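What the coordinates show
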Amino acid sequence: MGGEDELFDKSIEAEAGSRTYEFTVSNFVNNGQPLGSLLVIRDITVRKQQERALKAREEKYRTLFEGTRDALMVFDRDGYRDCNEETLELFGIDSVEDFLEYTPWELSPPTQPDGRDSKETAQERIETAFSEGEAFFEWTHQRIDGTEFPAEVKLSRFEYEGEPAIHALIRDITDRKQRERELQEREAKYRNLFEDTRDALMLLDRDGFFDCNQRTLDLFGVDSVEAFTNYQPWELSPSIQPDGADSKEAADDHVETAFEEGEAFFEWTHQRADGSEFPAEVKLSRFEHDGEPALHALVRDITERKEYERRLETQRDNLNILNQVLRHDIRNDIQLITAYGELIEDQCDDDELQEHVETVLENADHAVELTKSAREMADVMLSTDKELQQVSLPAVLESEIEDVRDSFPEAVITKEEALPIVSVRANDMLGSVFRNLLKNAIQHNDKELPKVTISATDHDETIVVRVADNGPGVPDVQKETIFGKGEKGLDSQGTGIGLYLVKTLVESYSGKIWVEDREGENFAADRSEATDRTEREGRDTGADSGGEREGAVFVVELPKVEDG
């Protein structure tokens, strides 16, 4: 074949059913003259499937690369090769091209928080990822504006265009670090409170103790927290509590109560590691620990308080004996004085001497009243636990009215209509309240004929009892102080403790007492309707008829209780 030969190729692809073919036509030309053509047909179905799969994978990974919320980048030993949009936003860089100009350590401060050089450390981490396949660490990065932020970095080795490369994931953990710092500050604060308190504090769950403070170790004589956690709660107690309860069973009950109800508060006898016992006040409080229910236990050594209570009890018993002896001896002497005084009174015809004898007898009576008041005050002040119970108020009032009438026949004591049938929560000292008020109204009275009126008003939740007299009344300046200990009122010859006793008792019954004036037509703001009706009809209520109303009204208000 003469001249120069030329070859012209043209290829096309076509699909036939599920197969893909490539048609290549080669034209041979010599000196511009066609010599012939060659048609080559190849089945490229597998190759096209591979190309489509590769393209799909590339699109998938590009979507993941760009769609993640973390900064992703690719680099090899020569530097960065690619990054996603989140990377640009995180570091404040405008474009991928600009980002590729940096090296990994150039987006970091010169040194890391641990003092290490950033470039050297970064190169070590990268080399680890290349050699071992991955590296995971925390890192302080720096944006191009100079601001720093903590990050979590994961480096993973992979093949990129046939060469080893690194896929880097960088997650900004600023918020997490802030939360960790706040948590550490709170933990430090509560740890300080836990350790600095003067009480023994410990933590336990259903399996036993898992932490305690130094005060706990000192209190129980245990060397370390580890040693303390080997104990069960009941093992730091004597086998039996003072009330006879088995310590293990009682401790289990208290712990279970705290888990179910949220808290438990009780007194307990503990035992130290050396076997010595001490009384304690224990408070258990439920809380969440690592997502599970646990108990915070506060144990307060109350040895000193118990010793003080025992001393008080001993003193109280001694005072009670002294009070009984003194009252017994005084009353014996007074009885002797009274007997001889009455004997002289019967045999004496001298008027002047008779007057002196009457003074002696009157003061002897006052001394007897003093011993009675002293007994009642002792019952109130020296009693430790005088339990309140339901008491019928009308029965107490009727009894005291009759007794005072017998003691003071010269006085007029009346009731305004029937007394309401109600009960109050009190004790056997309730009678002393009204006995002292009735006697006070008579003994402090300056009228020739002392008159006292008792009334009671039934309210929704309380009963109000009023003791009104026709005496001189109580000045405003004395309305508060008259109930003070030692106050005797107006030129009184009384003991000075009667009204103080009354106030003490009334307040122990959760009641109130006060004094009002008995002047004018409406001398009490909350008088019963029966009293108002009596006044409108002009009936005598104990004041001097036909004259201006005067006197005092002692008002006692007590909570009612349902009969039952």
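Everything below is about the structure printed above this text.
Below, the structure is looked at part by part. Quick caveat: nothing in here was measured; it's all calculated off a predicted structure.

1. Let's talk about the overall build of the protein chain
Of regular secondary structure, the protein chain possesses 14 helices and 20 strands. Residue pairs in contact within the protein chain that sit at least 24 positions apart in sequence constitute 54% of those at least 6 positions apart. Carbon and sulfur atoms make up 47% of the accessible area of the protein chain, which totals about 33,600 Å².

2. Topic: helix H4 (residues 118–132)
End to end, H4 covers 21 Å across 15 residues, agreeing with the expected 21 Å (1.5 Å per residue, within 8%). If you check which residues of H4 are buried, you get Ser118, Thr121, Ala122, Ile126, Ala129 and Phe130. Residues of H4 that are buried sit in contact with strand E4 (71–76), strand E6 (134–142), strand E7 (148–160) and strand E8 (163–172). Positive phi shows up at Gly133, right after H4, with a value of about 100°.

3. Observations regarding the packing of aromatic side chains
Under the criterion given, the structure shown has 10 aromatic pairs. Residues Phe91 and Phe99 carry aromatic rings whose centres are separated by 6.4 Å and whose planes lie at 45° to one another, so their mutual orientation is tilted. We classify Phe91 as buried; its relative accessible area is 1%. Ring pairing ties together the aromatic residues Phe75, Tyr80, Phe91, Phe99 and Phe149, which thus form one cluster. Its end group placed over the ring of Phe137, Arg125 keeps NZ or CZ at 4.7 Å from the ring centre.

4. Considering the sheet that holds E4
A sheet is described by the order of its strands in space; here 5 strands give the open sequence E5-E4-E8-E7-E6, paired in antiparallel fashion. The sheet terminates laterally at strand E5 (79–83) and E6, the two strands that pair on one side only. Taking the axes of each pair of neighbouring strands and ignoring which way they run, one obtains an average angle of 30° across the sheet. Alignment of E6 against E7, held across 9 bridges, turns out to be antiparallel. Along E7, the bridge assignment pairs Glu134 with Ser156. Of the strands in this sheet, E4, E6, E7 and E8 are in contact with H4, which crosses E6 at around 155°.

5. What to know about unusual backbone geometry
At Asp290, a position not held by glycine, the phi torsion is positive, near 55°. Along the chain, Asp290 falls in the loop between strand E12 (277–289) and strand E13 (292–301). A residue is classified by how much of its surface remains accessible, and Asp290, at 73% relative accessible area, is exposed. Within the chain, Ser510 stands out as a residue other than glycine whose phi angle is a positive 65°.

6. Concerning the pairing of E5
Remark: a regular strand shows side chains that alternate across the two faces of the sheet. Within E5, 4 of the 5 residues are buried, which leaves the element mostly enclosed by the surrounding structure. As defined by bridge partners, E4 adjoins E5 across 4 bridges and the pair is classed as antiparallel. Bridge assignment links Val74 to a residue of E5, and that residue is Asp82. Linking two consecutive strands that pair antiparallel, namely E4 and E5, is a turn of 2 residues.

7. Topic: a negative patch on the surface
A surface patch of negative charge is lined by Glu342, Asp346, Asp349, Asp350, Asp351, Glu352, Glu355, Glu358, Glu362 and Asp365. Here Asp349 is to be found in the loop between helix H9 (303–347) and helix H10 (351–382).

8. A short note on the sheet that holds strand E9 (residues 200–205)
Spatial strand order, E10-E9-E13-E12-E11: 5 strands in an open sheet with antiparallel pairing. If you trace the sheet from one side to the other, it starts and ends with strand E10 (208–212) and strand E11 (263–271), each paired once. The mean inter-strand angle of the sheet, taken between neighbouring strand axes irrespective of direction, is 35°. Sheet topology places E11 next to E12; 9 bridges connect them, and they run antiparallel. Considered in E12, the bridge of Phe265 is made with Lys283. Helix-sheet contacts for helix H8 (residues 247–261) involve E9, E11, E12 and E13, and the interaxial angle to E11 is about 155°.

9. Digging into the packing of helix H12 (residues 430–443) against helix H13 (residues 498–508)
Contact pair H12 / H13: the axes reach a minimum separation of 9 Å and the direction vectors enclose 150°. When the axis of H12 is compared with that of H13, the two are roughly antiparallel. When you trace H12 past H13, the crossing you get is left-handed. Mapping the contact onto sequence places Ser432, Val433, Asn436, Leu437 and Asn440 in H12 and Gly498, Leu499, Leu501, Val502, Leu505 and Val506 in H13. For the contact of H12 with H13, the residue count by class is 7 nonpolar, 4 polar and no charged.

10. With respect to H8
Its 15 residues place the ends of H8 21 Å apart at the C-alpha level, agreeing with the 21 Å of an ideal helix rising 1.5 Å per residue. Where H8 is concerned, the buried positions are Ser247, Ala250, Ala251, Val255, Ala258 and Phe259. Structurally, H8 contributes buried residues whose contacts are with E9, E11, E12 and E13. Residue Asp246 occupies the N-cap position of H8, its side-chain oxygen lying 3.2 Å from the main-chain nitrogen of Lys248. Just downstream of H8, Gly262 is the residue with a positive phi angle, here 100°.

Thresholds, definitions, all that
- Within any chain, residue numbers begin from 1 and follow the written order of that chain's sequence.
- Given that this is a predicted model, residues contribute local features only at a pLDDT of at least 70 and side-chain atom pairs are listed and counted only at 80 or more, while totals for whole chains, interfaces and linings are drawn from all residues.
- For side-chain calculations, the full set of non-hydrogen atoms in the structure is used, while hydrogens and water are omitted.
- A run of H or I in DSSP counts as a helix once it spans at least four residues, and a run of E counts as a strand once it spans at least two, with each numbered from the N terminus.
- In what follows, a contact means two residues having at least one pair of non-hydrogen atoms within 4.5 Å.
- The protein chains shown are the only cover counted for residues, whose accessible areas, like all others here, come from Shrake-Rupley with a 1.4 Å probe.
- Given a helix with a known number of residues, its expected span is that number minus one, times 1.5 Å.
- Buried, partly exposed and exposed residues are distinguished by accessible area as a fraction of the type maximum, computed with a 1.4 Å probe on protein chains only: under 20%, between the cut-offs, and over 50%, respectively.
- Note on aromatic contacts: the rings of Phe and Tyr and the six-membered ring of Trp form a pair at centre separations within 6.5 Å, being stacked when their planes are under 30 degrees apart, edge-to-face when over 60 apart, and tilted otherwise.
- Both a distance and an angle decide whether a charge sits over a ring: NZ of Lys or CZ of Arg must be within 6 Å of the ring centre and within 35 degrees of the ring normal.
- When DSSP finds two or more bridges between two strands, those strands count as paired.
- With axes taken as lines fitted to C-alpha atoms, and helix axes fitted only over the stretch in contact, angles between N-to-C directions fall between 0 and 180 degrees.
- Patch construction takes residues with relative accessible area above 30% that form no salt bridge. Like charges are linked within 9 Å, and nonpolar side chains (Val, Leu, Ile, Met, Phe, Trp, Tyr) are linked within 5 Å.
- The salt bridge criterion pairs a side-chain nitrogen of Lys or Arg with a carboxyl oxygen of Asp or Glu, the two atoms within 4 Å.
- Only four residue types enter the charge count, namely Lys and Arg as positive and Asp and Glu as negative; His and the chain termini do not.
- The location of each charge is read from NZ of Lys, CZ of Arg, CG of Asp or CD of Glu.
- Each angle gets one of four labels, with under 35 degrees taken as roughly parallel, over 145 as roughly antiparallel, 65 to 115 as roughly perpendicular, and the rest as oblique.
- Here a crossing is called left-handed whenever its near helix is offset anticlockwise from the far helix by less than a right angle, and right-handed whenever the offset is clockwise.
- Nonpolar residues are Ala, Val, Leu, Ile, Met, Phe, Trp, Tyr, Cys and Pro. Charged residues are Asp, Glu, Lys and Arg, and all others, Gly as well, are polar.
- In protein, a polar contact requires one atom able to donate a hydrogen and another able to accept it; more generally it is a pair of N or O atoms within 3.5 Å, and residues adjacent in sequence count only if both atoms are side-chain atoms.

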